[in-house]
Amino acid sequence: AATQWLEKQGIYSKRQDGIVDEVYYMDTKEEKIRKIREIKCDYFVDDLKEVILELDQKTKGILYEPQKSTKKEGQRDLTRVMTHWHELNEIINAI
């Protein structure tokens, strides 16, 4: 269901013509952090601030907080806050 939603939004496509090239699903935060480091993500979007704050300096974290009404910088320079998925391209291009 999550992959279909990403495809419907134009964020991910198996044809690799979306914003995102690859999507992985992990069961725990620890597995998620390990996978991010393993594949050396340039950017990573998550709705958990604690995951974003654990990222290496090489990975630019984007915190997804749809309930926020305004964008606001996170606690670190590498943390950006996104309130809607249509902001993703703008945020990535600004980094």
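Residues numbered from 1 in each chain as written. Predicted model: local features only at pLDDT ≥ 70, side-chain atom pairs only at ≥ 80, totals over all residues. Heavy atoms only, no water.

> Please explain the packing of aromatic side chains as it appears in this structure.
For any pair of aromatic rings, the description consists of the separation of the ring centres together with the inter-plane angle of the planes. Throughout the structure, instances matching the rule amount to 2 aromatic pairs. With a centroid separation of 6.0 Å and an interplanar angle of 65 degrees, the aromatic rings of W5 and W85 are classed as edge-to-face. One end of the pair, W5, is in helix α1 (residues 2-8); the other, W85, is in the loop between β3 (79-82) and α4 (88-94), with 80 residues separating them in the sequence. Accessibility expressed as a relative area gives 16% for W85, which makes it buried. Every member of this aromatic cluster is reached through a ring pair, and the members are W5, Y64 and W85. (Phe/Tyr/Trp six-rings, centres within 6.5 Å; stacked < 30°, edge-to-face > 60°. Helix = DSSP H or I, 4+ residues; strand = E, 2+ residues; numbered from the N terminus. Buried < 20%, exposed > 50% of the residue type's maximum accessible area, 1.4 Å probe, protein only.)

> Please explain the nonpolar core as it appears in this structure.
A general tendency of soluble globular proteins is for nonpolar side chains to be buried together. In this structure, L6, I11, Y12, I62, Y64, M82, W85, L88, I91 and I92 together form the largest nonpolar core, which totals 10 residues. Broken down by secondary-structure element, the contributors of at least two residues to this core are β2 (60-64) and α4. The element contributing the most residues to this core is α4, with 3 residues. Residues within four places of L88 in sequence aside, it is in contact with I11, I19, V20, V45, I62 and M82. Formed by 9 residues, the second largest nonpolar core is a distinct cluster that contains C41, I52, L63 and V81. (Core = buried A, V, L, I, M, F, W, Y, C linked by side-chain atoms within 4.5 Å. Contact = heavy atoms within 4.5 Å.)

> In this structure, what is going on with a nonpolar patch on the surface? I would like to understand it.
Together, Y24, M26 and I39 give the surface a local cluster of nonpolar side chains, amounting to about 230 Å² of exposed area. Within the secondary structure layout, M26 lies in the loop between α1 and α2 (29-39). (Patch = residues over 30% accessible without salt bridge, like charges linked within 9 Å, V, L, I, M, F, W, Y side chains within 5 Å. Areas by Shrake-Rupley, 256 points an atom, 1.4 Å probe, with all protein chains shown as cover. Salt bridge = Lys/Arg side-chain N within 4 Å of Asp/Glu carboxyl O.)

> What am I meant to see in the pairing of strand β1 (residues 43-46) here?
With burial as the criterion, only one face of β1 is covered, namely that bearing F44 and D46; the residues Y43 and V45 on the opposite face remain uncovered. In the sheet, β1 pairs with β2 via 4 bridges, with the strands oriented parallel. From the neighbouring strand, D46 faces β2, where its bridge partner is L63. (Pairing = 2+ DSSP bridges.)

Note that all results are geometric; they support no functional claim without further evidence.
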